[in-house]
Every structure is written in C-alpha cells, then in structure tokens.
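# Observations on the model geometry
Here is what each chain is made of, one letter per residue.
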Amino acid sequence: METRDSRLHILQQVMDAAALRHRVIAQNVANVNTPGYRRQEVVFEAEMARALAGTGGPAAVNVKPYVVVADGPERVDGNTVDLNREMNDLNKNFLLYEAAAQIITSRVTSLKAAIAGH
Amino acid sequence: MSFNDLFSANSISGSGMTAESYRMEVIANNIANANSTRSANGGPFRRQDVVFAEVLGSATRGAPGPNFRGVQVVDRIEDPSELPRVFMPGHPDADAEGFVQMPNVQLPIEMVNLLTASRAYEANLRAAQTFRQMSEQALALLRG
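Sequence order as written defines residue numbering, which begins from 1 separately in each chain. Think of it this way: whatever chain is written first is A, whatever ligand is written first is 1, and the rest follow in order. Thresholds applied to this predicted model are a pLDDT of at least 70 for local features of residues and 80 or more for the giving and counting of side-chain atom pairs; totals over whole chains, interfaces and linings are not thresholded and use all residues. Think of the side-chain values as coming from all heavy atoms in the structure, minus any hydrogens and water.

In this section: the UniProt feature "domain: Flagellar basal-body/hook protein C-terminal" (unreviewed entry) in chain B. UniProt positions are given in the numbering used here, feature names are shortened, and annotations may be inferred rather than shown by experiment. UniProt records the feature "domain: Flagellar basal-body/hook protein C-terminal" (unreviewed entry) for residues 97–141 of chain B in the present numbering. The distance separating the terminal C-alpha atoms of residues 97–141 of chain B is 77 Å; by composition the span is 78% helix and 7% strand. Strands here are runs of E lasting at least two residues and helices are runs of H or I lasting at least four, both read from the DSSP assignment and numbered beginning at the N terminus.

Contact with chain A, which involves 35 residues of that partner, is made by 37 residues of chain B. For any pair of parts, buried area is found by adding up, for both, the accessible area (1.4 Å probe) each one loses once the two are put together. Between chain A and chain B lies a buried interface of about 2800 Å² when both sides are counted; carbon and sulfur atoms form 66% of it. In the sections that follow, a salt bridge refers to a side-chain nitrogen of Lys or Arg positioned within 4 Å of a carboxyl oxygen of Asp or Glu. Remark: the boundary between chain A and chain B carries zero salt bridges. The definition of a polar contact used here is a pair of N or O atoms within 3.5 Å, where within protein one atom must be able to donate a hydrogen and the other to accept one, and adjacent residues in sequence count solely through side-chain atom pairs. Across the contact surface, chain A and chain B share eleven residue pairs in polar contact (both at pLDDT 80 or more). Contributions of two or more residues to the side of chain A that touches chain B are made by α1 (6–30), β2 (66–69) and α3 (83–116) of chain A. For the side of chain A that touches chain B, the element with the highest residue contribution is α3(A), accounting for 14 residues. Gly is placed with the polar residues, together with every amino acid not listed as nonpolar (Ala, Val, Leu, Ile, Met, Phe, Trp, Tyr, Cys and Pro) or charged (Asp, Glu, Lys and Arg). A class-by-class count of the residues in the side of chain A that touches chain B yields 21 nonpolar, eleven polar and three charged. The contact definition used throughout considers only heavy atoms, calling two residues in contact when any of these lie within 4.5 Å.

Structure below.
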C-alpha cells in the first residue's frame, strides 16, 4: 500500500471545496431578502473530473475551488436566490463532505492496521 | 484559512438569523400599530420596512473568493405611501371635515412578509445546523 497517497490529498481537496461551498450557501441563504443580491456558487467538481481524466487543466492535486456569480431566475427585487434550491444544495453538499470524511477515516484505519501489522 | 474564518459559516448564518428576526420585530411593530393615529414623530404611524445589505470582508490573498460575512440590516425606512382617510367625526384626531388619517399598514402585506421572514430564518438555522454536523464529521477524523 502506498502511503504518499494522492487520493487522500484529493479527498482533502473535496472536503475543502465542500466547506467553501457551505459558506457560499450560507451567504446566499443569509441574503435571501437582500434586494439585488446575485447568488454565488463554487466551481470544483467539473475541473477535478477533467484533471482526473487527464483532459487538460492543471494536475488533480492542484485543482482549487473558486467562487463564481451564478445566474438564475431573477425576482422582482433583482435577487436570484431560491431557498428550495439552496436547501437542496446544502443537503447534497453535506453528504459529499460526510462521504469524503468517511472515506478518509476508513483509509487511515487500514493504513494504521497495515502499520500495526494486523 | 485563518482561525477566525474557521467558524465563519456559523457567523454568516447567525447574521441571517439576526437580520430576519429584526425584520420580524419591525413587522410585529407594524401590526401592533395598525390603528395608531399618533406616532413619536407626529402624525399617524407609518409602516416601517428594513433594508438589508450583503456584507463582505476584505479578500485575503490566495482566497478562492470574497470573504463572506453574511447580511446586515443597514436601515429602517418609513413607507411613504398614502395614508388612508377614514370618516370618524368623533375621533379626537379628526380634521375639520371629520376624516382621520389612519396608518398605511395593511395586514395581508405584513402577514406575507412575516411568513417569508420566518421561512428565511428557518433556512439560516438549517444551514447553521448542517455546519455543526460537518464540523463533527471533521472532528471525527481526529478520532480515526
């Protein structure tokens, strides 16, 4: 088993991206009644998928999440936040974070077992 | 990410809850004064509304985006719309023709605003709860 594992690093990047996305969703939800506010979102998975498939872009370990202003249907007050959508994204993002955390836990557990020689 | 940013998701959701509950207070005040013909600044009560604004901190170098700080109530404004005139000759605030200027509070509008404020509050609360669960997941990594 390889200990200098880039997969652990990628899982850590996934958790970082999910933590950032949570803050962005929290910001969108906090501003649901702010006139003229444009909802924002995090770009990460698509770039990571491209990097892992080797079809251009930086190497997978160098892929960084970033925040963009997203478009969406605009309300009368110029606000583009849809609470249902944000709540859905919130749940999805939480599951992603949880999954990455648990995969890291299980990998670390098997690394520990290998070190202990069980 | 600095230590102060570590729990910033909590303060973002917290600012949303503070702003929405302030909005609910203002709405409750509007409803309570729906029939007040005298107010602190003279004349009949005018319905009030809050102005929300997004708060961003200064961006740090290498950060993936702006430094989110949630939302803030920047102002409380009075609704300048026309005050309805009601014929009540016996009222002490009636004018020479017997009309009284009543507050421009309309209950359906206030109730709808109350509902949206309450929904938004719940959504912020949900985001804060999810952040707590995520933090627990991250702490569980330490336990291995």
